[in-house]
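An overview of the molecular structure
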Amino acid sequence: MVDRVAQTVAVLVLEPELEKVFHEDSHGYRPGRSPVHAVAACRKRCWEKDWIVDLDVKAFFDTVSWDLTLKAVARHTDLKWVLLYVERWLKASMRMPDGTVTVRTQGTPQGGPISPLLANLFLHYGFDRWISREYPGVRFERFADDVVIHCVTERQAREVWDAIGRRFADIGLTLHPEKTKIVYCKDGRRRRDYPAVSFTFCGYAFRPRKSFNKAEGRAFTRFLPAVDPDKLAGMSRKVASWKIHRRTTLTLNDLARGMNPALRGWLNYFTVFYPSMVIPLCWRVDRHLMHWARRKYKRLERGDRRAREWLLGVRERAPRLFAHWALRYATW
């Protein structure tokens, strides 16, 4: 707890100075920025450029160089206590779950308040400033170590990939050989065959999707983000883990109070782009509520029809009782 307080103080000292120099396309863990901003910028640039390089840094937080990080911190403060404590936090040993203590030689203290700031500072010099200098016409979005780079041609994408691989090797990082890839932003007008036409960024899966032009009354294909299927499956598993059907001593209001914070958080984020893709999650939550109702009320035991009609009646009387009802039925 003492370390967390001290790290927060160090962040409050360093962050105002670092915000003055951080790149505009660095979105992760910065005041006034969010993953939504990164996804929105990425969507717009995918429409403008045909190719992207989807970068994945192998074990980034575990391989950050201490010497380079401390050198970067020293460029932005001359406060000796900040430099002293940052060095101590970086080099602190790690206690494992079994109680053993492991001596570390690199990496940032994950979970600490200062870790995201140090990671951003490291990549500011290790990547952001470097690519802006070496490839000034290439735009990118970076959220912590998750990076998407936009290119005009496949040849340019391969050149940039190779150059980044060499750059990262120089600063002690490694690109994941299987997860780093070049993607073609295929849509209705870009119809070239290419093995990779999708990627995931900040929990959103980008790929060709159906869209509709209301003014012209026609459907077409566009390269768009929507909730990643793995994220959707993870949310569904989380809902199942609540075991709602066993909580028959609770009222609907009790269930709503317990479930709504998580549901509202998920849906507020994943309905910003292509919201219809989260409808299956809403259906699954409703099925869990129907299961709960069948176990709680004797008259609803026989089949889904009565439980479904009961839930429909509840929703008509209180359409905003559950967060997914408000978003699914009142807004869309």
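Bear in mind the structure is a predicted one, so any value in this text is a computation, not a measurement.

What follows covers unusual backbone geometry. The backbone phi angle of A59 is positive, close to 50°, even though this residue is not glycine. Following the sequence through the fold, A59 ends up in the loop between β1 (51-56) and α3 (60-63). Taking relative accessible area as the criterion, A59 reaches 41% and is therefore assigned partly exposed. Despite not being glycine, C202 has its phi angle at roughly 55°, a positive value. With respect to the helices and strands, C202 occurs in the loop between β7 (199-201) and β8 (204-213). Taking relative accessible area as the criterion, C202 reaches 14% and is therefore assigned buried.

A few words on the packing of aromatic side chains. Here the structure, examined in full by the defined rule, presents 21 aromatic pairs. On the numbers, 6.2 Å between centres and 65° between planes, the contact of F127 with F168 is edge-to-face. Placement of F127 in helix α6 (residues 115-134) and of F168 in helix α7 (residues 154-170) is noted, with a sequence separation of 41 residues between them. Its relative accessible area of 0% is what places F127 among the buried residues. Geometrically, the ring pair formed by W130 and Y135 is edge-to-face, given 6.3 Å between the ring centres and 65° between the ring planes. A relative accessible area of 9% means that W130 is categorised as buried. Through a chain of ring-to-ring contacts, three or more aromatic side chains come together here, namely Y204, Y269, F270 and F273. Above the face of the Y274 ring, R209 is positioned so that its terminal group lies 5.5 Å from the ring centre.

Burial within strand β5 (residues 146-151) is extensive, with five of its six residues counted as buried. Of the strand pairs in this sheet, β1 and β5 are connected by six bridges, and their pairing is antiparallel. When the sheet's bridge partners are listed, D54 is paired in β5 with V148. In this structure, strand β4 (residues 139-143) lies alongside β5, joined through five bridges in antiparallel fashion. Bridge pairing in β5 links R142 to V147. Adjacent in sequence and paired antiparallel, β4 and β5 are bridged by two residues, among which A144 carries a positive phi angle near 60°.

Attention now goes to the sheet that holds strand β9 (residues 218-227). Read from one edge to the other, the open sheet built from three strands follows the order β7-β8-β9, with strand pairing classed as antiparallel. The two strands at the open ends of the sheet, each matched to only one other strand, are β7 and β9. Adjacent strand axes in the sheet meet at a mean angle of 55° when their direction is disregarded. Here β8 pairs with β9 via 10 bridges, running antiparallel. Within β9, the residue paired with N213 across the bridge is R218. Those strands touched by helix α2 (residues 35-48) are β7, β8 and β9, and its axis lies near 140° from that of β9.

Before going further, it helps to spend a moment on the side chain of S115. Following the sequence through the fold, S115 ends up in helix α6. Excluding residues that lie within four positions of it along the chain, S115 makes contacts with F61, T108, P109 and Q110.

Quick look at the pattern of salt bridges now. The final tally for this structure, using the stated rule, is 20 salt bridges. Notably, a salt bridge pairs D286 with R315, separated by 3.8 Å at the nearest N-O pair. One end of the pair, D286, is in helix α10 (residues 279-296); the other, R315, is in helix α11 (residues 304-317), with 29 residues separating them in the sequence. Through salt bridges with shared partners, a single network forms among E24, D25, R45, R139 and E141.

Moving on: a nonpolar patch on the surface. Together, M1, V5, V9, L79, W81, L84 and Y85 make up a nonpolar patch on the protein surface, roughly 650 Å² of accessible area in all. Listed by contribution, the elements that provide at least two residues to the nonpolar patch are α1 (2-19) and α5 (80-91). Of the residues forming the nonpolar patch, the biggest block, three residues, is contributed by α5.

Scoring rules and cut-offs
Residues numbered from 1 in each chain as written. Predicted model: local features only at pLDDT ≥ 70, side-chain atom pairs only at ≥ 80, totals over all residues. Heavy atoms only, no water. Helix = DSSP H or I, 4+ residues; strand = E, 2+ residues; numbered from the N terminus. Buried < 20%, exposed > 50% of the residue type's maximum accessible area, 1.4 Å probe, protein only. Phe/Tyr/Trp six-rings, centres within 6.5 Å; stacked < 30°, edge-to-face > 60°. Lys NZ or Arg CZ within 6 Å of the ring centre and 35° of its normal. Pairing = 2+ DSSP bridges. Axes fitted to C-alpha atoms, helices over the stretch in contact; angles between N-to-C directions. Contact = heavy atoms within 4.5 Å. Salt bridge = Lys/Arg side-chain N within 4 Å of Asp/Glu carboxyl O. Patch = residues over 30% accessible without salt bridge, like charges linked within 9 Å, V, L, I, M, F, W, Y side chains within 5 Å. Areas by Shrake-Rupley, 256 points an atom, 1.4 Å probe, with all protein chains shown as cover.

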